[in-house]
Amino acid sequence: MKFGIGQPAARVEDQQLLVGAGCFSDDVAPGQGLRIAFLRSPHAHARMRTPDVSAARKLAGVRLVATQADLDADNIGDIECQFCPPLIGGGKMQLVSKPAMVRDIIRHAGDIIAIVIAETEDIADAAIALIDVEYQSMPAVTDIYAAMADEAPQLYDCYPNNIAFKWGVGDLDGVEQAMKAAITDGHKIVEIDVVNNRVVINSMETRPMVVAPGKRPGSLDIWCGTQGVVGIAEQIAKCLSMDRADVRVQTGDVGGSFGFKIFLHPEQVCIAWAARKLGLMVRWQQSRSDCFLSDLHGRDNRSQARAAIDQTGRILALQVKAHANMGAWLSNFSTYIPTLSGCRTLTTVYDIKTASLQVIGVMTNTPAVDAYRGAGRPEANYLMERLMDHIAVETGYSRRDVRRVNMIKAAQMPYEMVAGGTIDSGEIPQLFEAAIKQADVAGFATRREQSDTQNKLRGIGFGMYLEQCGGGKDEGVDVEFQDDGRVFLYGSQQCNGQGHRTTVTQILSDRLGYDADLITVHQGDSNRSPRGTTGGARMTSVLGSAVAKAAAHILSVATPLAAEMLDCDASALIFSDGLFSVNNTNRSVAIEDLVRRLAQPGQMHQLNCAQSYETDGATYPYGCHIVEVEIDKVTCAVQIARYSVLDDFGLVINPMTLAGQIHGGIAQGVGQALLEHIVYDESGQLLAGSLMDYALPRADHFPGFAIDMRNTPCANNLLGIKGAGEAGAIGAPQAVISAVCDALQITHIDMPATPLEIFNAIKAKQTRETINEKASG
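The model shown is predicted, which means the values in this text are computed figures rather than measured ones. (Residues numbered from 1 in each chain as written. Predicted model: local features only at pLDDT ≥ 70, side-chain atom pairs only at ≥ 80, totals over all residues. Heavy atoms only, no water.)

Enquirer: Outline the sheet that holds strand 4 (residues 105-106), listing residues and values.
Expert: The strand order across the open sheet built from three strands is 4-2-6, with neighbouring strands paired in antiparallel fashion. The open sheet has two edge strands with one neighbour each: strand 4 and strand 6 (135-137). Here two bridges tie strand 2 (residues 46-48) to strand 4, and the two strands are oriented antiparallel to one another. Looking across to strand 4, one finds that Ala 46 is bridged to Ile 106. (Pairing = 2+ DSSP bridges. Helix = DSSP H or I, 4+ residues; strand = E, 2+ residues; numbered from the N terminus.)

Right, dumping it as structure tokens:
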């Protein structure tokens, strides 16, 4: 079977997963190994004396009990933030590191106090209960604005008012002057302050981990879910002061990641150290409730925007200040997400030449925050689209017309943004008009009347988005041909459920005309995989382009060899659909047969190659989500009635897997808009600590999605594709909130728009109307 680019080929991964033959981390050596339990802090902020673990160590079946003091005695390194942003006014921020367990000060509930390794889970849990800890509780702060107050509890001495950094992009002073000039000239200023709520990633598979001594003395074999094995292997090796070659990280099937499995978590350091200390296999299966306490979280921004607009609603100047909750410690990319990542789409699809962004990173007594599907770009897009709706309210123009007057026109491409690079291609206004037609916006008034007869409020929302993604480089792919004609591809990036093997197989099969059944894609072995990381919707643009480039190289090597085999000049050969043919003859050889005939047992195949790839720039997918919601007037429950999306993704490799990515992204975006929210009480205790309290979207929350594309090729990579993995999550929240506001006939409601919040918004509106009636009467 041969796959072609653009063909809706079935995923090659699915057969083994559907019959239960997948191999996830906890499937490694099932039933074997010692078990692990962690003692976690019940306090969000406290001072702690070294725990007394003597009773726990005496319990039969316990092999090891350790605290941070034991790790310090072995010189185990801390987790380090890998991006140090420059500060406004000069200099760089001071980075604090994170010990795997608490040294003396607890900074969030769930911080690790001790680890127990025992023969069974029950024994490990019993030992945890025997550990005696003396806490001196301190006030905690979880809200971004509250954390910056002078009287707020301080997490670190080096961060006054809990402000870790102030970073900016654009001409901050110039924009401030432009805003003042606009006011002087009589232009209107529109201001907004919006919440981008904190979420728990909640991947289907948690973060299980198995570690065992390796074959070489002093080495470790590690199995865990990652988004790139080499990066995790490097960090663990550094923490444990081991040679990188002695730490082998392997990742099999992964039940979802969405960003947070790129990064090193404290448990991984503890578990790797314990396995090395004992010289035995240890394993940890993380519970769902433990995810809420210890996983890296996503989003949690509070952003303000000021826009000076002319009489048509066109933005003359834009000033944005984003307050980003860093949590209690700095994760690997935490400082990068709201700054260099978030600024890439500061002005999104709109033609705004005068703009600035200031980001204030704030420490709070909550788990650390890092990348989550979109990683800074969803926050920027959401803010901009809420601003567009506010401008419509302030000016009286329609939400569509406000967007139209501000959009980047096709004739302006390539378009250089204030921050984020140059958009290489696109027809944004044309896509917007096509999306309006696809969604049957003209028929909305009739549908609203029908909803009213059923005692439901109906609203329609618009959400444009622009993503900057899919750029950069990694070590690409190693291609190895086997004597029997099979070909093994060792990929640099790690599949987390997206269908990498299908995509890579499809590209190689298309470019070489190779039998797809003979292609096997290998990922997830730090001792064999090229270096790379899955994230930023870059797999196909970077790794896929590397595969296409490798295929071209293979053909350049294979052509003279085929000519020699067919006894002709290379210029007389025609290659098509996997077949080398001599022009005007019946002589030919299939590429699979050529591979077999060139094989020399015991020697490296002549067609083997290693190919990396670096893009010429990022990709800039964009699109429009149009959503209709119904709100029950009695229960205030929201139901999505219609959902339409039109995207520009450049060249499409596989329409079916692409649709799956869009569906999943929309589901996560809708979840954030309507359902998901991590809530803490005033002492820093988590109030939504399980799936009993934390609502995730279900299938019955959604109608069928009307998905289509209006694509323009990307000029910045070999395949002409644009990254698609994050797009649904970027476009959905603003479209849903826009629809809810339209249904309620209000200007704004913060995410998540739960029934309670909708009830409160309705009551507040009624109160305002009553006051206005009395005032006018």
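Enquirer: Report on the nonpolar core, specifying residues and quantitative values.
Expert: Soluble globular proteins: nonpolar side chains tend toward being buried together. Ranked by internal contacts, the top residues of the largest apolar core, which has 168 residues, are Ile 222, Leu 318 and Val 740. Considering each element in turn, this core owes the most residues, eleven residues, to helix 19 (residues 727-744). In contact with Val 740, not counting residues within four places along its chain, are Val 629, Ile 631, Val 638, Leu 674, Ile 749, Ala 753 and Ile 758. (Core = buried A, V, L, I, M, F, W, Y, C linked by side-chain atoms within 4.5 Å. Buried < 20%, exposed > 50% of the residue type's maximum accessible area, 1.4 Å probe, protein only. Contact = heavy atoms within 4.5 Å.)

Enquirer: I'd like to hear about the pattern of salt bridges, residue by residue, with values.
Expert: For the structure on display, the rule yields 47 salt bridges. The residue Arg 49 makes a salt bridge to Glu 134 at a minimum N-O spacing of 3.7 Å. Placement of the pair is Arg 49 in the loop between strand 2 and helix 2 (54-58) and Glu 134 in the loop between helix 4 (121-130) and strand 6, with a sequence separation of 85 residues. Here Glu 433 makes a salt bridge to Arg 404, at a shortest N to O gap of 2.7 Å. Of the two residues, Glu 433 sits in helix 13 (residues 428-438) while Arg 404 sits in helix 12 (residues 399-406), which places them 29 residues apart along the sequence. Residue Glu 433 is classed as partly exposed on the basis of its relative accessible area of 35%. Several salt bridges share partner residues, and in doing so they unite Asp 440, Arg 447, Lys 456, Arg 458, Glu 628, Glu 630 and Arg 642 into one network. (Salt bridge = Lys/Arg side-chain N within 4 Å of Asp/Glu carboxyl O.)

Enquirer: Got a sec to walk through helix 7 (residues 229-239)? Specific residues and values, please.
Expert: Across the eleven residues of helix 7, eight count as buried, placing the element largely inside the fold. For helix 7, the set of buried residues is Val 229, Val 230, Ile 232, Ala 233, Gln 235, Ile 236, Ala 237 and Cys 239. Next to the buried residues of helix 7 lie strand 9 (209-213), strand 10 (220-224), strand 11 (247-250) and helix 8 (266-278). Ser 241 occupies a position one or two residues after helix 7 and carries a positive phi of about 55 degrees.

Enquirer: Quick one: what's the story with the side chain of His 297, residue by residue and with numbers?
Expert: You can see His 297 is positioned in strand 13 (residues 297-309). If we skip the residues at most four places from it in the chain, His 297 touches Arg 198, Val 199, Val 200, Ile 201, Cys 291, Phe 292, Pro 367, Ala 368, Val 369, Asp 370, Ile 678 and Tyr 680.

Enquirer: Let's hear about the layout of surface pockets: which residues, and what values?
Expert: Roughly 430 Å³ of volume is contained in the second largest pocket. Around the second largest pocket sit 20 residues that line it, and Asp 143, Val 195, Asp 300, His 677 and Ile 678 are the ones nearest its centre. Of all the elements in the fold, those that place two or more residues in the lining of the second largest pocket are helix 5 (144-147), strand 8 (188-200) and strand 13. When grouped by side-chain class, the residues that make up the lining of the second largest pocket number eight nonpolar, six polar and six charged. (1 Å grid on protein atoms, 1.4 Å probe; cavity = no way out; pocket = protein on both sides within 12 Å on 5 of 7 lines; lining within 4 Å. Points joined across faces, edges and corners; volume = space filled by probe spheres on them. Nonpolar A, V, L, I, M, F, W, Y, C, P; charged D, E, K, R; others polar.)

Enquirer: Which residues make up unusual backbone geometry, and what are the values?
Expert: A cis geometry characterises the amide bond from Met 413 onward to Pro 414, with omega recorded as -5 degrees. Topologically, Pro 414 is positioned in the loop between helix 12 and strand 16 (415-416). In this structure, Pro 752 follows Met 751 across a cis peptide bond, with omega equal to -5 degrees. Along the polypeptide, Pro 752 turns up in the loop between helix 19 and helix 20 (755-776). The phi angle at Asn 75 is positive, at roughly 55 degrees, despite the residue not being glycine. Counting through the fold element by element, Asn 75 comes out in the loop between helix 3 (68-73) and strand 4. For Asn 75, a relative accessible area of 58% translates into the label exposed.

Enquirer: So what about the pairing of strand 10? Which residues, and what values?
Expert: With respect to burial, strand 10 is a largely interior element, five of its five residues being buried. The antiparallel pairing of strand 9 with strand 10 creates a hairpin that spans six residues between the two strands, and Gly 218 there sits at a positive phi of about 85 degrees. In the sheet, strand 10 pairs with strand 11 via four bridges, with the strands oriented parallel. Following the sheet pairing, Trp 223 is matched in strand 11 by Gln 250. Where the polypeptide runs from strand 10 across helix 7 and back to strand 11, its parallel neighbour, the crossover connection is right-handed. (Right-handed = clockwise from strand over helix to strand, strands pointing away.)

Enquirer: An account of the side chain of Gln 506 is requested, with residue identities and associated values reported.
Expert: Note on placement: Gln 506 falls in helix 15 (residues 500-512). Using a relative accessible area of 0% as the deciding quantity, one classes Gln 506 as buried. A distance of 2.7 Å separates a polar side-chain atom of Gln 506 from the backbone oxygen of Gln 7. If we ignore the near neighbours within four places in the chain, the residues touching Gln 506 are Phe 3, Gly 4, Ile 5, Gly 6, Gln 7, Ala 9, Ile 653 and Asn 654. (Polar contact = N/O pair within 3.5 Å; in protein donor to acceptor, adjacent residues only side chain to side chain.)

Enquirer: Quick rundown of empty space enclosed by the protein? Include the residues and the values.
Expert: Any empty space left between atoms is shown by rolling a water-sized probe over those atoms. Evaluation of the coordinates by the stated rule reveals five cavities of 30 Å³ or more. Lining the largest cavity are 18 residues, and of these Val 320, Ala 322, Leu 357, Glu 379 and Ala 380 sit closest to its centre. Elements that contribute at least two residues to the lining of the largest cavity include exactly strand 13, strand 14 (315-327), helix 10 (337-341) and helix 11 (377-395). By residue class, the composition of the lining of the largest cavity is 13 nonpolar, four polar and one charged.

Enquirer: Describe the pairing of strand 9, and please don't skip the residues or the numbers.
Expert: Burial runs high along strand 9: four of the five residues are buried. Examined bridge by bridge, strand 9 and strand 10 share five bridges and lie antiparallel to one another. Looking across to strand 10, one finds that Ala 212 is bridged to Asp 221. Examined bridge by bridge, strand 9 and strand 12 (residues 282-284) share three bridges and lie antiparallel to one another. The residue of strand 12 that forms the bridge with Val 210 is Arg 283.

Enquirer: Hey, could you go over the environment of Arg 597 for me, with residue numbers and the actual values?
Expert: Within the secondary structure layout, Arg 597 lies in helix 17 (residues 591-598). The exposure class assigned to Arg 597 is exposed, which follows from its relative accessible area of 55%. As for Arg 597 and Gly 485, which are separated by 112 residues in sequence, their C-alpha atoms are 8.9 Å apart. Aside from chain neighbours lying at most four places away, what touches Arg 597 is Met 565 and Val 589.

Enquirer: Quick one: what's the story with the state of the cysteines, residue by residue and with numbers?
Expert: Across all of its chains, the model carries zero disulfides by this definition. Here Cys 469 is not cross-linked by a disulfide; its sulfur's nearest cysteine counterpart is in Cys 714, at 9.0 Å. Its relative accessible area of 2% is what places Cys 469 among the buried residues. Classification of Cys 714 as buried rests on a relative accessible area of 5%. (Disulfide = S-S within 2.5 Å.)

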